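Close look at the chain arrangement
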Amino acid sequence: MVLEKLGDALKSSLKKITQSVFFDEKLVNSLIKDIQRALLKADVNVELVFKLSKDIKKRALDEKLPKGISQKEYLIKIVYEELVKFLGGKKNGLEIKKKKPFKIMMVGLFGNGKTTTTSKIANYYKKRGYSIAMVGLDVHRPAAAQQLMQLAEKLSLPVYVDVGNKDPVKVWNKFSSEFTKYDILLIDTAGRDAFSESLVKEIEKLNKKVSPDETLLVISADMGQTAKRQAEQFHESCGVNGVVVTKMDGTAKGGGAISACSATGAPVKFIGVGENFDDLEEFNPEGFVGRLLGMGDLEALLEKAKEIMSEDQAKDMTEKMMKGDFNFFDLFEQINAMKKMGSLSKIVDMIPGMGGMKLPKDMLDVQEDKIQKWKHIMASMTKKELENPDLVFNKSRIERLASGSGTTSSDVRQLLKQYRQAKKMMKKMKGGKGGDMKKMMKNMGMG
Ligand SMILES: Nc1nc2c(ncn2[C@@H]2O[C@H](COP(=O)(O)OP(=O)(O)O)[C@@H](O)[C@H]2O)c(=O)[nH]1
Ligand SMILES: [Mg+2]
């Protein structure tokens, strides 16, 4: 995984939170120290780190706790939200407008991955059904045209290059009448060893001629926090409106590069995570931080959980669970709640400390048609049976329920199996195996 070390460090600091007994300022301070250490190791700029930790601390100690969530959970939520903000906030991906062609131009220094990224983005949108062509305007490096031609051949995409022509504007003019055929045009340009007058001049000239809809700065993650200066320079002088951070797979400094670029006003739109065509991701801070912290989108989860069950319902359910009572009524409610929240396995991944819990696979994916059948079966049960499922566990009763509900014995057995598995899971939780999970479930309104 990209930024594995940073992810591990952040995960272990959050784990400390879920495992701690008290919530107090000391806990907040220790979390913040952990986060600072982790981010500094990922080459995030010191000032940015301090600003982030100040923001987290202030919110953790000042904000009023919303109903239905524990202080520790809220702290995790704050960390998540602030990290998302830190990396650029809500997703700011690239929006392809309907015009022919929509022009995306790559700029940046030598060896940062412009040509590779040109082909990756071409591939990305080809897969999404757009008609694509690539244009090679790197006229300085002798092998540049060949490199792009090779990539285009592998992708079976048209490519426009003019080997030997030393003027990128002329190359553009030569082919420009053909470009209106395509939905998207990916334009590769020449780099320099360093940011220079001649590079700015060339890009300015191209900007005028090409008038790109998106100018993306391609910058390697191993620059770490020094990416900031480069991003600023390009942003100010070359009309860069987005950044692609490449080589995220090969460095621990990616956090520094992304946060540095995010701070410049040119948001990160893609990240490169390897040398192959498919190693490109649209950059989405929420998903990225969620994965780093190993919990998916906690906020969405909490919001969803609130919609599903009222607090009273959740309380009833949890109390029952804790007492070890668990009958068909509860199973039914649980299945309905699961359906609304998406598969239980996904939910389990979203909750810190719960990821390791093993649940039977068929318990996790309950199909709609099955649920309909189960509804009919339960409707055929007596109230006594609903409250005391043990009464149903015999062959003749199973057969009668099947015929009474227009289902088969196998359907009834599946329902009983589901019930048993769910009950077992409840017992496990009751036994405290999940540590803080009980409370977490309770607060989330999950029965
Ligand atoms: N590991 C890895 N290598 C990359 C990535 N992007 C580009 N590269 C490699 O970086 C080198 C330079 O890339 P290139 O596209 O030629 O850079 P350009 O000079 O800016 O056009 C090549 O060897 C690429 O394979 C990436 O996301 N991950
Ligand atoms: Mg190149």
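Residues numbered from 1 in each chain as written. Chains lettered and ligands numbered in written order. Predicted model: local features only at pLDDT ≥ 70, side-chain atom pairs only at ≥ 80, totals over all residues. Heavy atoms only, no water.

Details of unusual backbone geometry
To keep it simple, the criterion reads: Only runs of H or I of at least four residues qualify as helices and only runs of E of at least two qualify as strands under DSSP, and these elements are numbered from the N terminus. Between buried and exposed lies partly exposed: a residue is buried under 20% and exposed over 50% of the maximum accessible area for its type, with that area taken using a 1.4 Å probe on protein chains only.
Residue Pro-101 is reached from Lys-100 by a cis peptide bond, and omega for that bond is -10°. For Ser-211, which is not glycine, the phi torsion reads 40° and is therefore positive. When you line up the elements, Ser-211 lands in the loop between helix 8 (197–210) and strand 5 (214–220). Unlike most non-glycine residues, Lys-247 shows phi in positive territory, near 60°. Counting through the fold element by element, Lys-247 comes out in the loop between strand 6 (242–246) and helix 10 (254–262). Under the relative-accessibility criterion, Lys-247 is labelled partly exposed at 35%.

Examining the site of ligand 1
What counts here: For each residue, the test is whether any non-hydrogen atom lies within 4 Å of the molecule or strand; if one does, the residue is near. In the analysis that follows, any N or O atom pair within 3.5 Å is treated as a polar contact, provided that within protein one partner can donate a hydrogen and the other can accept it, and provided that, for residues neighboring in sequence, both atoms belong to side chains. For every accessible area listed, the method is Shrake-Rupley and the probe measures 1.4 Å; residues are considered covered only by the protein chains on display. For this classification, Asp, Glu, Lys and Arg are treated as charged, while Ala, Val, Leu, Ile, Met, Phe, Trp, Tyr, Cys and Pro are nonpolar and the rest, including Gly, are polar.
Around ligand 1, the surrounding shell holds 18 residues, and the nearest of these are Gly-111, Lys-114, Thr-115, Thr-116 and Asp-249. Between Thr-115 and ligand 1, the recorded distance is 2.8 Å, taken from a side-chain N or O atom to an oxygen atom. Lys-247 places a polar main-chain atom, nitrogen or oxygen, 2.9 Å from an oxygen atom of ligand 1. In isolation ligand 1 exposes 580 Å². Once the protein is present, 80% of that is buried. Sorting elements by how many residues they give to the shell around ligand 1 places helix 5 (residues 114–127) first, with four residues. Across the shell around ligand 1, the residue classes break down as three nonpolar, nine polar and six charged.

Some points on the packing of helix 4 (residues 71–86) against helix 11 (residues 285–293)
The line we're drawing: The angle between two axes is taken between their N-to-C directions and runs from 0 to 180 degrees, where each axis is a line fitted to C-alpha atoms and a helix contributes only its stretch in contact. In what follows, roughly perpendicular refers to angles from 65 to 115 degrees, roughly parallel to angles under 35, roughly antiparallel to angles over 145, and oblique to any angle outside these ranges. The hand of a helix crossing depends on one turn: near helix anticlockwise from the far one by less than a right angle means left-handed, and clockwise means right-handed. For this analysis, residues touch if any pair of their heavy atoms sits within 4.5 Å.
Running from amino to carboxyl end, helix 4 crosses helix 11 at an angle of 130°, the nearest separation of the two axes being 9 Å. Here helix 11 runs oblique to helix 4, going by the angle between their axes. Our pair here, helix 4 against helix 11, has a crossing hand that is right-handed. Contact residues: Tyr-80, Leu-83 and Val-84 in helix 4; Pro-285, Glu-286, Val-289, Gly-290 and Leu-293 in helix 11. When its residues are assigned to classes, the contact of helix 4 with helix 11 shows six nonpolar, one polar and one charged.

Concerning helix 10
Since the α-helix turns once every 3.6 residues, residues separated by three or four places project in the same direction. In terms of burial, helix 10 is largely enclosed, as nine of its nine residues are buried. Taken together, the buried positions of helix 10 are Gly-254, Gly-255, Gly-256, Ala-257, Ile-258, Ser-259, Ala-260, Cys-261 and Ser-262.

Re a nonpolar patch on the surface
In plain terms, the rule: By definition, no residue in a patch forms a salt bridge, and every one has over 30% relative accessible area; like charges are joined within 9 Å, nonpolar side chains (Val, Leu, Ile, Met, Phe, Trp, Tyr) within 5 Å. A side-chain nitrogen of Lys or Arg and a carboxyl oxygen of Asp or Glu constitute a salt bridge if their distance falls within 4 Å.
On the surface, Leu-40, Val-46 and Phe-50 cluster together into a nonpolar patch covering about 270 Å² of accessible area. Looking at the secondary structure, you find Phe-50 in helix 3 (residues 46–62).

Considerations on the packing of aromatic side chains
In this description, an aromatic ring pair is defined by two values, namely the gap between the centres and the angle between the planes. The cut-off we apply is this: Aromatic pairing here means that ring centres of Phe, Tyr or Trp (its six-membered ring) are within 6.5 Å. Orientation follows from the plane angle: under 30 degrees is stacked, over 60 is edge-to-face, and everything else is tilted.
Scanning the entire structure with this criterion turns up eleven aromatic pairs. Centroid distance Tyr-124 to Phe-270: 5.4 Å. Interplanar angle 80°. Geometry classified as edge-to-face. Taken together, the positions of Tyr-124 in helix 5 and Phe-270 in strand 7 (residues 268–272) put the pair 146 residues apart, joining distant regions of the chain. Since its relative accessible area comes to 11%, Tyr-124 is described here as buried. Ring plane angle 85° and centroid distance 6.5 Å describe the contact between Tyr-125 and Phe-270, whose orientation is recorded as edge-to-face. Taken together, the positions of Tyr-125 in helix 5 and Phe-270 in strand 7 put the pair 145 residues apart, joining distant regions of the chain.

Remarks on the pattern of salt bridges
A complete count under the given rule lists 21 salt bridges for this structure. A salt bridge links Asp-55 to Lys-51, with the nearest nitrogen and oxygen atoms 2.8 Å apart. Of this pair, Asp-55 and Lys-51 both sit in helix 3, four residues apart, which is roughly one turn of that helix. You can call Asp-55 partly exposed: its relative accessible area is 23%. Classification of Lys-51 as exposed rests on a relative accessible area of 52%. Between Lys-99 and Asp-213 there is a salt bridge, with its nearest N and O atoms 2.7 Å apart. A residue pair is termed long-range when its members are at least 10 positions apart, and Lys-99 in the loop between helix 4 and strand 1 (102–107) and Asp-213 in the loop between helix 8 and strand 5 qualify at 114 residues. Ionic contacts of the salt-bridge type, sharing partners, join the residues Arg-59, Glu-63, Lys-77, Glu-81, Glu-82 and Lys-85 into one network.

Quick word on the confidence of the model for the protein chain
This is how it is decided: Residue-level confidence of the predictor is what pLDDT reports, using numbers from 0 through 100.
Per-residue confidence for the protein chain gives a mean pLDDT of 81; residues scoring 70 or more make up 78%. Contacts for the low-pLDDT stretch residues 350–357, under 50 throughout, to residues beyond four places or in other chains number 19 contacts. Scored below 50 in pLDDT, residues 432–447 makes 38 contacts in the model with residues more than four places away or belonging to other chains.

Section: the environment of Ser-211
A residue is classified by how much of its surface remains accessible, and Ser-211, at 39% relative accessible area, is partly exposed. Between the C-alpha atoms of Ser-211 and Met-105, which are 106 residues apart in sequence, the distance is 9.1 Å. Apart from the residues within four sequence positions on either side, Ser-211 is in contact with Lys-103 and Leu-206.

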